[in-house]
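Fold and contact review
Given next are the chains, with one letter for each unit.
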Amino acid sequence: MDDQAADLRETVRLRYAATALAVTAGSADRCGPAPVEVDGNFGSGLYSGADRDALPAEAVAASLGCGNPTAVAELREGERVLDLGSGGGIDVLLSARRVGPTGKVYGLDMTEEMLALARSNAREAGATNVEFLKGHIEAIPLPARTVDVVISNCVVNLSTDKPAVFAEMARVLVPGGRVGVTDVVAADHLTPAERAERGSHVGCVAGALSFTEYREHLAAAGFTDVEIVPTHAVVEDVHSAIIRATAPARGR
Ligand SMILES: C[S@@+](CC[C@H](N)C(=O)[O-])C[C@H]1O[C@@H](n2cnc3c(N)ncnc32)[C@H](O)[C@@H]1O
């Protein structure tokens, strides 16, 4: 990783460490065009009332995403799920309810403060089938072919090495495993500079892939059945989107 990428990753880590502490203190900022912004495009308002009611208030307050990947992934009893960039743990806890006691949900995050918040939320929720791992989504600390489903909520756009993220998703999924992700995606005609004009990297806008780039990265990692559906605009020509894909049947 070059110095610029390392600096950017550190900026992201510091931003989300501060956010985790702010959530704990009761006032959070999150993804969005401005550094301190709470709007309908990000956070717990994107979940159903039933999902929100099923979790401790602190876990709901910690939601920083741009969608609800657990609704996208159609999780089944007994499945093993990995949430990339699990933050305060909302999607891990919702997934844990869906896969039940015979399933298992891993949350992966690089930010110690987020992991502490997520573990506290899991204790509060009484979730026993969850485990939070410290690490980077570009080098997932799990063996190959160990999960049935990869979910993620508004995190891939933050990565400074997106090809590595998609390759790692393919590595840890079982053959035929599923990706059910929500992320920020830019219209194809926007240049990287135009994306950066619309919002910062830590705010989940400047680092967004375009729709075509997203498809190309998934295909390069071997995924099939790629589906990318915009759900709502977060700023002009930049959307929150649902991304679904299937891992190769024989693995890679
Ligand atoms: C926008 S928040 C989303 C959190 C959570 N998915 C949610 O919906 O509430 C981004 C999270 O991803 C984590 N993160 C960002 N880049 C990462 C990376 N390269 N590796 C691991 N975690 C990362 C941050 O620490 C933060 O917790």
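Below, the structure is looked at part by part. (Residues numbered from 1 in each chain as written. Predicted model: local features only at pLDDT ≥ 70, side-chain atom pairs only at ≥ 80, totals over all residues. Heavy atoms only, no water.)

1. Here we look at the site of the ligand
The environment of the ligand is made up of 23 residues, and the closest members are Leu 64, Gly 85, Asp 109, Thr 111 and Ile 137. Contacts to the ligand include Thr 111, whose side-chain N or O atom sits 2.6 Å from an oxygen atom. Between Glu 138 and the ligand, the recorded distance is 3.2 Å, taken from a side-chain N or O atom to a nitrogen atom. Taken by itself the ligand offers 590 Å² of open surface, and the protein chains cover 99% of this. Class assignment for the residues of the shell around the ligand results in eleven nonpolar, nine polar and three charged. (Near = heavy atom within 4 Å. Polar contact = N/O pair within 3.5 Å; in protein donor to acceptor, adjacent residues only side chain to side chain. Areas by Shrake-Rupley, 256 points an atom, 1.4 Å probe, with all protein chains shown as cover. Nonpolar A, V, L, I, M, F, W, Y, C, P; charged D, E, K, R; others polar.)

2. Topic: the nonpolar core
Judged by nonpolar contacts, the single largest core of 32 residues is most densely connected at Leu 82, Leu 84, Met 169, Tyr 214 and Phe 223. The set of elements that each furnish at least two residues to this core consists of strand S1 (80-84), strand S2 (104-109), strand S4 (147-153), helix H7 (162-172), strand S5 (173-186), helix H9 (211-220) and strand S8 (238-246). When residues in this core are grouped by element, the largest group, five residues, is from H7. Apart from residues lying up to four places away in sequence, Leu 82 is in contact with Tyr 106, Leu 108, Ile 140, Leu 142, Val 147, Val 149, Val 150, Ile 151 and Val 172. One finds Leu 64, Leu 117, Val 202 and Val 235 within the second-largest nonpolar core, a separate group that totals 23 residues. (Core = buried A, V, L, I, M, F, W, Y, C linked by side-chain atoms within 4.5 Å. Buried < 20%, exposed > 50% of the residue type's maximum accessible area, 1.4 Å probe, protein only. Helix = DSSP H or I, 4+ residues; strand = E, 2+ residues; numbered from the N terminus. Contact = heavy atoms within 4.5 Å.)

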